[in-house]
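Remarks on the overall topology
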Amino acid sequence: MASLSATSLSFKAPSTRSTRISQVLRKASTFQSISFGRFQSSKSLRLQISCAAKPETVQKVSDIVKEQLALSADTALTSESKFSALGADSLDTVEIVMALEEKFNISVEEADAQNITTIQEAADLIEDLVQKKPAA
């Protein structure tokens, strides 16, 4: 199993394949997950890498979600908090996305908006859109 945080990568794999996996990681530029086929040991290996948004972006998204869903200030939210688990319906989710667009001065495509289910997914999308935004 492999995991990636903002600053580290941990990896456990059969030693005979570690060179090949390193080569794949060097060649990959952007991806959400990579699945490797079966090794000779007949154990499958799945490597998932995701880029985490900055903590301040996650906090801003959390604050907007609390405001849009009228949650109390002491409601604990994590980056993995799902909008639906917080009581949001599809209209609430649209309103959350609209508030995020206004706060970060971005435009979220409908297809992207429909894929946002957690605070982390929203924060990751925001940072991606902000980076792609042309300089004013």
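Here, every reference points to the structure presented above.
A brief structural summary.

Scoring rules and cut-offs
- Residues numbered from 1 in each chain as written.
- Predicted model: local features only at pLDDT ≥ 70, side-chain atom pairs only at ≥ 80, totals over all residues.
- Heavy atoms only, no water.
- Helix = DSSP H or I, 4+ residues; strand = E, 2+ residues; numbered from the N terminus.
- Expected span 1.5 Å × (residues − 1).
- Buried < 20%, exposed > 50% of the residue type's maximum accessible area, 1.4 Å probe, protein only.
- Contact = heavy atoms within 4.5 Å.
- Axes fitted to C-alpha atoms, helices over the stretch in contact; angles between N-to-C directions.
- Parallel < 35°, antiparallel > 145°, perpendicular 65-115°, else oblique.
- Left-handed = near helix turned anticlockwise from the far one by under 90°.
- Nonpolar A, V, L, I, M, F, W, Y, C, P; charged D, E, K, R; others polar.
- Core = buried A, V, L, I, M, F, W, Y, C linked by side-chain atoms within 4.5 Å.

**Overview of helix 5 (residues 119-132)**
The end-to-end C-alpha separation of helix 5 is 20 Å, in line with the 20 Å expected for 14 residues at 1.5 Å each. Within the sequence span of helix 5, burial applies to Ile 119, Gln 120, Ala 122, Ala 123, Leu 125, Ile 126, Glu 127 and Leu 129. Of the surrounding secondary structure, the elements contacted by the buried residues of helix 5 are helix 2 (55-68), helix 3 (90-104) and helix 4 (110-114).

**Quick word on the packing of helix 2 against helix 5**
When two helices pack together, their arrangement is given by the angle between the helix axes and by the axis-to-axis distance. Interhelical geometry of helix 2 versus helix 5 gives an angle of 120 degrees and a closest axis separation of 9 Å. Judged by the inter-axis angle, helix 2 sits oblique to helix 5. Handedness of the helix 2/helix 5 crossing: right-handed. Contacts between helix 2 and helix 5 pair Thr 57, Val 58, Val 61, Ser 62 and Val 65 from the former with Ile 119, Gln 120, Ala 122, Ala 123, Ile 126 and Glu 127 from the latter. Along the lines of polarity and charge, the residues of the contact of helix 2 with helix 5 split into seven nonpolar, three polar and one charged.

**Quick look at the nonpolar core**
In this structure, Val 61, Val 65, Phe 83, Leu 100, Val 108 and Ile 119 are the most contacted members of the largest nonpolar core, which totals 24 residues. If you list the elements that add at least two residues to this core, you get helix 2, helix 3 and helix 5. In terms of residue count, helix 5 provides more of this core than any other element does, six residues in total. Contact partners of Val 61, with chain neighbours within four places excluded, come to Leu 100, Ile 119, Ala 122, Ala 123 and Ile 126.

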